[in-house]
Amino acid sequence: MSKPSLPQGTRDFNAATVQKRQFIFKTIQSVFETYGFQPLETPAMENLETLMGKYGEEGDKLIFKILNNGLDNPQKKQQTLEGLEKLFAGKTSTALTERALRYDLTIPFARYVAMNHGSLNFPFKRYQIQPVWRADRPQKGRYREFYQCDADVVGSESLLNEVDLVAVYLTAFQKLNLPVEVKINNRKILLALAQICGGEDKLIDLTIAIDKLDKIGWDKVKEELQNKKFSEAQQKIIQNYLTIEGNNTEKLKQLSILMGNNEVGLKGIEEINYVLDYHVQTGMDKHLVADFTLARGLNYYTGIIFEVKAIEAEMGSIGGGGRYNDLTSLFGVPNIAGVGISFGVDRIYDVMEEKNLFPSTIDQTTHILFFNLGEQETKAAYLQMMQLRDKKIACEIYPEKSKFDKQFKYAEKKGIPNVIIIGTEELAKNECTVKNIITGKQTTVSLSDLSNFEF
RNA sequence: GAGGGCGUAGCUCAGUAGGUUAGAGCGACAGUUUGUGGAUCUGUAGGUCGUGGGUUCGAGACCCAUCGUUCUCCCCA
């Protein structure tokens, strides 16, 4: 038998890690609830059909597919072989795989809304905290199983939702004590740029090239634009667009000049202005950065888009989202607008761990260890322990009669601050010895007073 | 999908140009101490050097393959 191991890109979480992760989950959850979002859970697996084609070509490749059961059935051999042929032709085949693990929380949510739109109370606000899976190659800040925390509003076109979601982001990160900036852009502006550069059909090429700017620099972007048949004049426009600098007001002003009288572009600017202006009064505008190079890979976004970046941290985005105008039409239910955001818990964890931002108070462990000093003594100790547990004090008793040395070490390693010793002498006098491991202070307490003792 | 780094004891690693029986620190266990720990000292256990081939008189070291892991690019949370 070989050594046990984990699938690539997955992890076990020990007690300390779980407690820190729970801290993040609880913080985000409580903010979601404070803003009027209600929980939803969907299955780990979806029909493959539900997921395919929603995340672009790259995304489709990264979906974890589940092999059908019963493929060894001789009666279905023909079907299975045909399925394999399709597979080698680069297509998916329901003969081989009908289900897949969810890739994000947004599409399953859209599927849910499409299935239940008749009975939902619009505008419908839901939050969802569940793992997602991607068949990506793991590296720093990238796992094959990770959690997303999503909040979405559907059935409302109001920009007030965008305003509110910005506040959700900034409130949550403030509570986590993690300094961030929220980048904001608008797909309408990118669309306008594409129009100005010769056609909407260039939007995708354009966004992909723009998205790479801060990584590969302008020269490489220019090269890529050249390859995608953008003319010199168009490249010049794009360069002007990308080199817009200054504070938010200045940037937007320059952009509006560049957009000229392009209707979509001006609308996009107006929307960003609306959100920024709204947050002047909350003071949150300080953490908002208009960034016209922000593109976001998912092409279902149609309006304002967000991305959250931890300040002074070597980490990709720790959250993202935006407005999608018609996501449910993918599932046959048109005209339900929505906007949503997502938190990447695993990356948030990594950044917080790196910067040592977890409060020390979240380590939760046993409060009192009862020593095991023999059959009679332990029985008496057990009764005392149950009384303390009734008072919600976390207690445990060492299960084996062992040397003091060993029992002390156990308490110390587990971070248990108090031990209670009931030995033959104590038992005879109906007493116990309470010892605080940290201070070393030792007190004799009568058994009848123990439940009132201040630990 | 493309390209690098690394796999030696439970953990962190050393192992010099290939040369006898593969080492250290920490940890674990035991004793010093059958009811007061954290220290010191002493001792004990623990390794098919990821796996499979090859080169060589001789391989932990060199070559090939393979698996695992990690990082970068692509893409993304």
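Placed above this text is the structure.
First, a word on what this report is: a plain description of the structure on this page.

How each quantity is defined
Residues numbered from 1 in each chain as written. Chains lettered and ligands numbered in written order. Predicted model: local features only at pLDDT ≥ 70, side-chain atom pairs only at ≥ 80, totals over all residues. Heavy atoms only, no water. Helix = DSSP H or I, 4+ residues; strand = E, 2+ residues; numbered from the N terminus. Expected span 1.5 Å × (residues − 1). Buried < 20%, exposed > 50% of the residue type's maximum accessible area, 1.4 Å probe, protein only. Arc of directions from axis to C-beta. Contact = heavy atoms within 4.5 Å. Near = heavy atom within 4 Å. Polar contact = N/O pair within 3.5 Å; in protein donor to acceptor, adjacent residues only side chain to side chain. Salt bridge = Lys/Arg side-chain N within 4 Å of Asp/Glu carboxyl O. Axes fitted to C-alpha atoms, helices over the stretch in contact; angles between N-to-C directions. Parallel < 35°, antiparallel > 145°, perpendicular 65-115°, else oblique. Left-handed = near helix turned anticlockwise from the far one by under 90°. Nonpolar A, V, L, I, M, F, W, Y, C, P; charged D, E, K, R; others polar.

Side note on helix H11 (residues 248–259)
Between its terminal C-alpha atoms H11 stretches 16 Å, which fits the 16 Å expected from 12 residues at 1.5 Å a residue. When H11 is considered as a whole, its buried residues turn out to be Asn-248, Lys-251, Leu-252, Leu-255 and Met-259. The buried residues of H11 occupy an angular sector of 95° when the element is viewed end-on, so they sit on one face. H11 presents Thr-249, Lys-253 and Ile-257 as exposed residues on the side facing more than 90 degrees away from its buried surface. For H11, the elements touching its buried residues are helix H7 (187–196), helix H10 (232–242), helix H12 (263–278) and strand S8 (288–290).

A short note on the protein's contact with RNA strand B
Close to RNA strand B lie 37 residues; Arg-142, Ser-317, Arg-347, Lys-413 and Thr-424 are nearest. Atoms of RNA strand B within 4 Å of the protein belong to the sugar or the phosphate in 41% of instances, the rest to bases. A distance of 2.5 Å separates a sugar or linking oxygen of RNA strand B from a polar backbone atom of Ser-317. Measuring from a base oxygen of RNA strand B, one finds a backbone N or O atom of Thr-424 at 2.4 Å. Put simply, the parts of the chain that give the surface near RNA strand B at least two residues each are strand S6 (145–154), helix H8 (203–211), helix H15 (404–414) and helix H16 (424–428). It is H15 that provides the largest number of residues to the surface near RNA strand B, a total of six residues.

Some points on the pattern of salt bridges
Applying the stated criterion to the full structure yields 12 salt bridges. For Glu-353, the salt bridge identified is with Lys-20, shortest N-O distance 3.2 Å. With Glu-353 in helix H13 (residues 345–354) and Lys-20 in helix H1 (residues 15–34), the pair connects residues that are 333 residues apart, well separated along the chain. What makes Lys-20 buried here is its relative accessible area of 18%. In this structure, Arg-111 and Glu-46 form a salt bridge, with 2.8 Å as the shortest nitrogen-oxygen distance. One end of the pair, Arg-111, is in helix H5 (residues 106–116); the other, Glu-46, is in strand S2 (residues 45–47), and 65 residues separate them in sequence. Judged by relative accessible area, which is 13%, Arg-111 ranks as buried.

A word on the packing of H11 against H12
It is at 10 Å that the axes of H11 and H12 come closest, and there the two elements cross at 165°. As the angle between them shows, H11 and H12 are arranged roughly antiparallel. The handedness of the crossing between H11 and H12 is left-handed. When H11 is examined against H12, the residues Asn-248, Leu-252, Leu-255, Ser-256 and Met-259 are found in contact with a partner set consisting of Gly-265, Leu-266, Ile-269, Ile-272, Asn-273 and Leu-276. Broken down by class, the residue content of the contact of H11 with H12 amounts to seven nonpolar, four polar and no charged.

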